[in-house]
Amino acid sequence: MAKMTFKAKARTSAVRSIVWVVGLIVSIAYVMPFVLVLINSFKPKMEILDNPLALPVEFTWDNFNQALQKMEFFRSLTNSILITTLSVGSLILISSMLAFYLSRTKNKFTKVTFLILVSSMIVPFQALMIPFMSIFAPFVSLNNQAALIFFYMGFGVALSTFLYHGFISNIPTELDEAAALDGASDFTIFWKIIFPMLKPVTATVAIINALWIWNDYLLPVLVLTPETQTLPLSTYLFYGTYATEYGQAMAGLVLAIIPIVVFYLALQRQFISGISSGAVK
Amino acid sequence: MRFTKNLKKFVWFGALPLAIFFVVLVVPFSQGIFLTFTDWNGFDYGKFVGFDNYVKSFQDDTFWSTLAFTGTFVVVSLVLINVVAFALALIVTTKLRSANIFRTFFFIPNLIGGVVLGVIWQFIFNSALPSISYMYEWPIFQDSWLNETDTAFWALIIVTVWQQSGYMMIIYITGLISIEPDVLEAARIDGASALRTMFSVKIPLMAQAFTISLFLTLRGGFMAYDVNLALTGGGPYRSTELISMHIFQDAFRLGNFDTGQSKAVIMFILVAVAAMVQVSVSKRMEVQR
């Protein structure tokens, strides 16, 4: 870099400025839809129809009061948090255990099982959703939230196990052997030695699954009832019913977006590293 | 001794997760394939009908138009998502002030579910853009894009690219920063132009990122449902139904469980074949560097 001529330096900085301007324009384009929703959520209906781009003249919280009530915001938010945390927590438990078993026990059975798990990731939910609903109807009517969490465990276990498997395979087996010589059981070895070392993958598994489950629509819409519906479901239902009440509809969308965006901004670094290490596998 | 030890380990660690996987995924999947050969009506079946359901599925004209629409959607969205995502990754990895803020903005649509994004854009296409168009007298947005099949297609593409490019961008950033600076320095000393460095050095060295991102977008394209539902709802006149929605409508709205499930199996085969072809082609490119 030291030998760069003056001309080359000038060119690099010119290129950088152009890239910066392009980046700025694209960034604005990417957030514009959200900005539009946000400014219109504070306006009465007529003002929105008049000019959707203008800032609110008659600033009102009324839309939010209406939307909070009509979409049962706090109930759906609680449902979403409950479903997501319990599903992600159970997925972490069962997948790390399964990955430990599959990577530490080498035989034909574990090899074939791992292969089946990996290839199952290509099966789209749509390919089994129709028999799925008739098979599980009794379970769903018994307790639809428990059923949904159980389903997420089944659908998420393949990818999560795959991620854990790659990581555990890189932990030297000498560690397990030394602990076994000291008289530790497999159970102790896993929980006391291996699991604490899995923190980075656990973060990846948690984030990838949480994003999926939080935003999922098709499975919960088939399983849940109005009392147990999650945020995407109640948002969509609310929008469908009150679409012509533009202000309220916009306020509903803002409410639906806020929780996950706040969560992301708080854990931004973990999100980015989670996705990039989850993808490289 | 060894066998009992393995069995114990299986019971402790493998049995429960595998049982759940088996019940939730393997059972409905195999039953789903089995049922396509019967006259299943959603509750029970009387007799085996061979390949009749598949024949009926392919005699359905709307199914063919859905397949064509889905195919076009998969190809166009795959190309555009990856081109845009790669460009975003290049912007963010150029040493810029505010690169982190740009990255955050590019990623935000990805955090939010397709249904919510779909209705945001429904408002934009149906209300915001037409009224802005009238104000400034632009002709192109005066009629909602969602009213015509062709423009509704591009509306779907715009929202899908906007939603997914941020995720793929992260994958490309990971690929770009994994390239050793020495290699780029060597290319510079050899007098390679920026464009040449890009195509002969950077892209071949990060081929794995392309394999993954192309796989994810291919699969995502076939499985797209949420944005389709919330943005166009399949309209006008079922002309923008992607395969997922078509299956849903066939089974749960029209009550055709037999053909609905056959179409679902056809969808599975399409996804599996397309993904296998894509991954094997991409893998070959990775080796050839």
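Here is what the cut-offs are and how they apply
- Residues numbered from 1 in each chain as written.
- Chains lettered and ligands numbered in written order.
- Predicted model: local features only at pLDDT ≥ 70, side-chain atom pairs only at ≥ 80, totals over all residues.
- Heavy atoms only, no water.
- Helix = DSSP H or I, 4+ residues; strand = E, 2+ residues; numbered from the N terminus.
- Rg over C-alpha atoms; globule rule 2.2 N^0.38 Å.
- Buried < 20%, exposed > 50% of the residue type's maximum accessible area, 1.4 Å probe, protein only.
- Contact = heavy atoms within 4.5 Å.
- Areas by Shrake-Rupley, 256 points an atom, 1.4 Å probe, with all protein chains shown as cover.
- Lys, Arg positive; Asp, Glu negative; His and termini not counted.
- Charge placed at Lys NZ, Arg CZ, Asp CG, Glu CD.
- Arc of directions from axis to C-beta.
- Domains from an automatic or database assignment.
- Buried area = accessible area lost by both parts, 1.4 Å probe.
- Salt bridge = Lys/Arg side-chain N within 4 Å of Asp/Glu carboxyl O.
- Polar contact = N/O pair within 3.5 Å; in protein donor to acceptor, adjacent residues only side chain to side chain.
- Expected span 1.5 Å × (residues − 1).
- 1 Å grid on protein atoms, 1.4 Å probe; cavity = no way out; pocket = protein on both sides within 12 Å on 5 of 7 lines; lining within 4 Å.
- Points joined across faces, edges and corners; volume = space filled by probe spheres on them.
- Nonpolar A, V, L, I, M, F, W, Y, C, P; charged D, E, K, R; others polar.
- Core = buried A, V, L, I, M, F, W, Y, C linked by side-chain atoms within 4.5 Å.
- Axes fitted to C-alpha atoms, helices over the stretch in contact; angles between N-to-C directions.
- Left-handed = near helix turned anticlockwise from the far one by under 90°.

Chemist: How should I be thinking about the overall build of chain A in this particular structure?
Modeler: Along chain A, the regular secondary structure elements total 14 helices and 0 strands. Seen in sequence order, chain A has helices and strands lined up from the N terminus as α-α-α-α-α-α-α-α-α-α-α-α-α-α. By the compact-globule yardstick of 19 Å for 281 residues, chain A is too spread out, its C-alpha radius of gyration being 25 Å. Referenced to the eigenvectors of the C-alpha coordinate spread, the extents of chain A come out at roughly 75 × 75 × 35 Å. Within chain A, buried positions represent 51% of all 281 residues. Across chain A, the fraction of contacts at a sequence separation of at least 24, relative to all contacts at a separation of at least 6, is 69%. Split by element, the accessible area of chain A, about 13200 Å² in all, is 70% carbon and sulfur. Distance from the positive charge centre (17 side chains) to the negative charge centre (13 side chains) of chain A: 18 Å.

Chemist: Hey, could you run me through the side chain of B:Thr160 in this one?
Modeler: All names here are of chain B. You can see Thr160 is positioned in helix H6 (residues 149–177). The exposure class of Thr160 is buried, given its relative accessible area of 6%. Among residues more than four places away in sequence, those in contact with Thr160 are Phe73, Ser77, Ile81 and Val227.

Chemist: When you look at helix H3 (residues 62–70) of chain A in this model, what are you seeing that I'm missing?
Modeler: Helical periodicity: at 3.6 residues per turn, an α-helix aligns residues three or four positions apart in one direction. Residue and element names in this part refer to chain A. For H3, every residue scored as buried is listed here: Asn63, Phe64 and Ala67. On an axial view of H3, the arc spanned by its buried residues comes to 95°, and they lie on one face. Each element contacted by the buried residues of H3 is listed here: helix H1 (6–40), helix H12 (231–242) and helix H13 (246–266). Where H3 terminates, the next one or two residues include Glu72, which has phi positive at roughly 50°.

Chemist: Honestly, the domain arrangement of chain A in this entry has me stumped. Any pointers?
Modeler: One widely used convention gives an interface's size as the accessible area the parts lose upon coming together. Residue and element names in this part refer to chain A. Domain boundaries assigned for chain A yield domain 1 (6–63) and domain 2 (70–280). When each unit is reduced to the centre of its C-alpha atoms, the spacing between domain 1 and domain 2 is 34 Å. Taken together, the contact pairs 10 residues of domain 1 with 9 residues of domain 2. Together domain 1 and domain 2 conceal approximately 810 Å² of surface at their shared face, both sides included; 81% is due to carbon and sulfur atoms. Contact with domain 2 buries surface across domain 1, with Val37, Lys45 and Asn63 losing the most and accounting together for 56% of the total. Viewed at the interface, domain 2 and domain 1 are joined by 0 salt bridges. There are 0 residue pairs in polar contact (both at pLDDT 80 or more) connecting domain 1 and domain 2.

Chemist: Can you walk me through the interface of chain A and chain B in this structure?
Modeler: In this complex, chain A contributes 88 residues to the contact, which on the side of chain B involves 88 residues. Of all residues in chain A, A:Tyr30, A:Ile122 and A:Ile130 bury the most surface against chain B, accounting for 10% of the area lost on that side. Remark: the boundary between chain A and chain B carries 0 salt bridges. Put simply, chain A and chain B have 12 residue pairs in polar contact (both at pLDDT 80 or more) between them. Examining the composition of the side of chain A that touches chain B, we find that 16 residues originate from one element, H1(A), more than from any other.

Chemist: Honestly, the environment of B:Ala224 in this entry has me stumped. Any pointers?
Modeler: Its location among the elements puts B:Ala224 in the loop between helix H9 (207–223) and helix H10 (226–231). In the structure, B:Ala224 is positioned 32 residues away from B:Ala192 in sequence and 41 Å away in space, judged by C-alpha atoms.

Chemist: Sorry, what's going on with H12(A) here?
Modeler: Helix length check: H12(A) (12 residues) gives 16 Å between terminal C-alpha atoms against 16 Å at 1.5 Å per residue, within 8%. For H12(A), the set of buried residues is A:Leu231, A:Pro232, A:Leu233, A:Ser234, A:Thr235, A:Phe238 and A:Tyr239. Of the surrounding secondary structure, the elements contacted by the buried residues of H12(A) are H3, helix H4 (73–104), helix H10 (199–215), helix H11 (218–223) and H13 of chain A together with helix H5 (114–136) of chain B.

Chemist: Is there a simple way to think about the side chain of A:Ser234 in this case?
Modeler: Residues and elements named next belong to chain A. If you trace the backbone, Ser234 turns up in helix H12. Take Ser234: its relative accessible area is 2%, and that puts it in the buried class. Contact partners of Ser234, with chain neighbours within four places excluded, come to Met71, Ser76 and Gln229.

Chemist: What am I meant to see in the layout of surface pockets here?
Modeler: Empty pockets left among the atoms are what a rolling probe the size of a water molecule brings to light. All names here are of chain A. Of the volumes computed, that of the second largest pocket is approximately 1400 Å³. It is H1 that provides the largest number of residues to the lining of the second largest pocket, a total of 8 residues. Partitioned by chemical class, the residues of the lining of the second largest pocket number 19 nonpolar, 5 polar and 6 charged.

Chemist: Just checking my understanding: could you explain empty space enclosed by the protein for this structure?
Modeler: Residues and elements named next belong to chain A. Throughout the structure, instances matching the rule amount to 2 cavities of 30 Å³ or more. For the largest cavity, the calculated volume is near 70 Å³. Counting residues per element, the ones that place at least two in the lining of the largest cavity are H10, H12 and H13. Per-class residue counts for the lining of the largest cavity are 7 nonpolar, 2 polar and no charged. If you go around the second largest cavity, the residues you meet are Ser80, Ile83, Thr84, Tyr152, Ile213, Trp214, Pro220 and Thr230. For the lining of the second largest cavity, the secondary structure elements donating two or more residues are H4 and H10. The element that contributes the greatest number of residues to the lining of the second largest cavity is H4, accounting for 3 residues. In terms of residue class, the lining of the second largest cavity is built from 5 nonpolar, 3 polar and no charged.

Chemist: I tried to follow the nonpolar core on my own but got confused; where do I start?
Modeler: If you look at soluble globular proteins, the nonpolar side chains tend to sit buried side by side. If you look at the biggest cluster of nonpolar residues, it comprises 176 residues, and the most contacted ones within it are A:Phe132, A:Phe151, B:Leu111 and B:Ile112. Broken down by element, this core gets its largest block of residues, 15 residues, from H6(B). Two domains each donate at least three residues to this core, and these are domain 1 (6–63) and domain 2 (70–280) of chain A. Contact partners of A:Phe132, with chain neighbours within four places excluded, come to A:Phe125, A:Phe151, A:Phe155, A:Leu219, B:Val24 and B:Pro28.

Chemist: Mind showing me how you'd approach the packing of helix H5 (residues 108–120) of chain A against helix H1 (residues 2–35) of chain B here?
Modeler: To describe two helices that pack against each other, one gives the angle between their axes and the distance between the axes. For the pair H5(A) and H1(B), the least separation of the axes is 13 Å and the interaxial angle reads 35°. Of the two possible hands of crossing, H5(A) and H1(B) adopt the one that is left-handed. Residues A:Phe109, A:Thr113, A:Ile116, A:Leu117 and A:Ser120 of H5(A) lie in contact with H1(B), whose contacting residues are B:Phe10, B:Leu18, B:Phe21 and B:Leu25. Across the contact of H5(A) with H1(B), the residue classes tally to 7 nonpolar, 2 polar and no charged.

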